[in-house]
Structure formats: structure tokens, C-alpha cells
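Summary of the model geometry
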Amino acid sequence: MIKQFRLCMFALISVMIFTACGAGAPTSTAPADIVDDTAKYNAYIELLNFVDGWFSGFVGVYFHTFDIEGELNTDVDFSRFFNFGEHDMMELHGRHSAAARYFARQEPDWGAVDAYMLRFADAVDNLLTLYFVEARNYYLEQEYLADNFEQGRLIHTRMMDYYDNMFLAFDDFILAFQPIIMLRQGADLPRFEEAGMMLHFYALRLVLTGMEVNSFFNILDAQGVAFLDTPLEKIEALHSLMVSDMVALQEIYTDAERQEAEGFSENGARFIPIFVSTAQEMTDFLTETVELLRGGTYTTVPLFRFQQRVSDLIGRYNIIVN
């Protein structure tokens, strides 16, 4: 359950892709005076999205294939699994952490955010190196035949440790980075409202409110606050905003003329009903959570389902706005 929750929190970051321009891989000789906060922000998002996407899936396949209750399953074809052809996987995938690490040492100075990013990038690289260099060489050279998987079992134990360390580093980083995320994403809201683009306005604010609720519970969890000790005033205020925005969105989302006037593509408009349905489910699960807190009843099932819907909503938001 804990790792599922953390993976869900990783997925929340994908909401940034609709503004991220792609930082690319910087060189060590890039002039410091051309590095701005957008490039830095995008580099951080790129690393988070890489970990949340392909890399997380790849590691998940490893554990699904080779792990039996924490022990190495040796009854598989390792050589085939670790054969990546001619690709240098560290060169191919290490660019994400290299870019984030580079920008963490550049202006603007984001204080603890930069320090936590360096720790997170190191944790990602530790896992990358263990997987794509050490484990790959061990299995492709068939060294397990000589030592009866003794080193393989040690590699497997370290794989689990490095995986956990990556998530621990992420926890510290995302708590520090969250205010920057919310500030950047929220900057579009007044522009949408001023232009009368209320479909965009309510859709984005629902996503951001969902993210803020998730962040709030994540912080409480990190602080060791029990579910039933959740401060109600903050959650009730966010819940009230979410419900009112949901009602407003329901009233206008089927207006084809508004969709066209606000610049939604044909494909984006087609997915708006799915976005609205997911947003309603998200709102309903938060309503259940608030009611449980008001009644002093302990179960985090609606909250977990709420978090899943937030993650779904982000993906659907990216579809409708792109």
C-alpha cells in the first residue's frame, strides 16, 4: 500500500507536461547567465516523469519476474532479460538525472529543493548503475554459474534497498518542491478567468485542488499525523471549492461553441466528458473522506481512491489541453 501511494504521488507530476518545453541535456560549459528558472523547473520535471514512466515500469517488471517474497528467483532466463543489445543504457537514460543535477547547482537558488534534488538524482543513478551496469554484466557474463547466484542474491538485496532509498529521497524532494509546482501551475488561472475561458479555468483548478489535497495528506503522513487527527478546517475548505467548481463545470462542459471558442482541439473536446466523469468521481471520494473524518470513522479507502482519481484526472487533463 505504501509504495502504491508513493507511485501515485509520482504520477501527479505529469500534470506539468503541458507547460514543460523540455530542458534537454545541458553541457558542463553552458553559460550560467542563460540558465533560467523554466529550464531548471523542466529538468526537474523531466527526471520525475522518467522515473514515474518507463523506468518505474522496467523496475516493476524486474521485481515481478525475479522476486519471490524478497528472495531472488533463479528459475528464469537472466541472460535474455538483461540483453539490451548495443545500447548504452546509462548514456541513454542517465541524461535525465545528469540534467537535473546540473541545474540543481545553477541559479536560481531554490535552497532545500536543490539539495533534495541532488540526493534524489544520486538515488536514481545508484539504481540505474546497479541495474544497467553491474547486474547486466553479472548476468550476461554468466558469472552466476560459477558462484551459484551468490553475487546475484546480493545484487537483488541492494536492488530493493536502492529502490526504497529512491522513494525516500523523492518524499523529501516533493514536499519541498510542491509550492513551486503549485505556484507555476496556478499562474494560468487568472489569465483563463480574465479571458472568459472558464472550461480551462474550472478544469485546471479542479486538478490543482486535487493536487493540493494530496499534498496536504502527504505532508501529514510524513509528519506522522493519524488519519483521524486530520485538521478538518483545511480539508473542508478545499472540499467546498472542489464541489463548487465541479457544479460550475457540469453546467458548461457540453457547450460545443464554448469548446471551440476556448481552442479545444477536436480530440481534446472528445475527451472532455471523460475528464468531467473522472473529476466527479474524485470529488465524490473526497466527500466520503470528509464525511468519515467528521464522523470519526477510520478507513483510508476513499482517500486512496481519491488519490487514484487525481492521478487519472491529470492524465486526462493533459489529453484535453493538448
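Predicted model, so just to flag it, every value in this text is computed and none were measured.

Cut-offs used in this document
Residues numbered from 1 in each chain as written. Predicted model: local features only at pLDDT ≥ 70, side-chain atom pairs only at ≥ 80, totals over all residues. Heavy atoms only, no water. Axes fitted to C-alpha atoms, helices over the stretch in contact; angles between N-to-C directions. Helix = DSSP H or I, 4+ residues; strand = E, 2+ residues; numbered from the N terminus. Parallel < 35°, antiparallel > 145°, perpendicular 65-115°, else oblique. Left-handed = near helix turned anticlockwise from the far one by under 90°. Nonpolar A, V, L, I, M, F, W, Y, C, P; charged D, E, K, R; others polar. Polar contact = N/O pair within 3.5 Å; in protein donor to acceptor, adjacent residues only side chain to side chain. Contact = heavy atoms within 4.5 Å. Expected span 1.5 Å × (residues − 1). Bend = angle between axes of the 7 residues up to and from the residue. Phe/Tyr/Trp six-rings, centres within 6.5 Å; stacked < 30°, edge-to-face > 60°. Buried < 20%, exposed > 50% of the residue type's maximum accessible area, 1.4 Å probe, protein only.

In this section: the packing of helix α6 (residues 112-140) against helix α8 (residues 150-186). Across the interface, α6 lies against α8 with an axial gap of 8 Å and an inter-helix angle of 160 degrees. It follows that α6 is roughly antiparallel to α8 by the angle criterion. As α6 packs across α8, the resulting crossing turns out to be left-handed. For the contact of α6 with α8, the residue count by class is 24 nonpolar, 4 polar and 5 charged.

This next bit is on the side chain of aspartate 114. Structurally, the position occupied by aspartate 114 is in helix α6. In terms of polar contacts, aspartate 114 uses its side chain to reach the backbone amide nitrogen of tryptophan 110, at 2.8 Å. The residues contacting aspartate 114, other than those within four sequence positions of it, are Lys40, Tyr44, Ala104, Pro108 and Asp109.

A few words now on unusual backbone geometry. Looking along the chain, the bond that leaves glutamate 107 and enters proline 108 is cis, with omega of 0 degrees. Its place among the elements puts proline 108 in the loop between α5 (95-104) and α6. At asparagine 148, a position not held by glycine, the phi torsion is positive, near 55 degrees. Looking at where asparagine 148 falls in the secondary structure, it is placed in the loop between α7 (144-147) and α8.

Moving on to α6. Over its 29 residues, α6 runs 41 Å from end to end, which matches the ideal 42 Å to within 8%, given 1.5 Å per residue. The largest bend in α6 is about 35 degrees, located at leucine 130. Where α6 terminates, the next one or two residues include glutamine 142, which has phi positive at roughly 55 degrees.

Moving on to the packing of aromatic side chains. The full count for this structure, using the stated rule, is 40 aromatic pairs. With a centroid separation of 5.7 Å and an interplanar angle of 80 degrees, the aromatic rings of tyrosine 44 and tryptophan 110 are classed as edge-to-face. Here tryptophan 110 lies in the loop between α5 and α6 and tyrosine 44 lies in helix α2 (residues 37-66), a separation of 66 residues in the sequence. Assigned by exposure class, tyrosine 44 and tryptophan 110 land together as buried. Seen in terms of ring centroids, phenylalanine 82 and tyrosine 139 are 5.0 Å apart; in terms of plane orientation they differ by 15 degrees. Their pairing is stacked. With phenylalanine 82 in the loop between α3 (78-81) and α4 (89-93) and tyrosine 139 in helix α6, the pair connects residues that are 57 residues apart, well separated along the chain. Pair check on accessibility: phenylalanine 82 and tyrosine 139 agree, each one buried.

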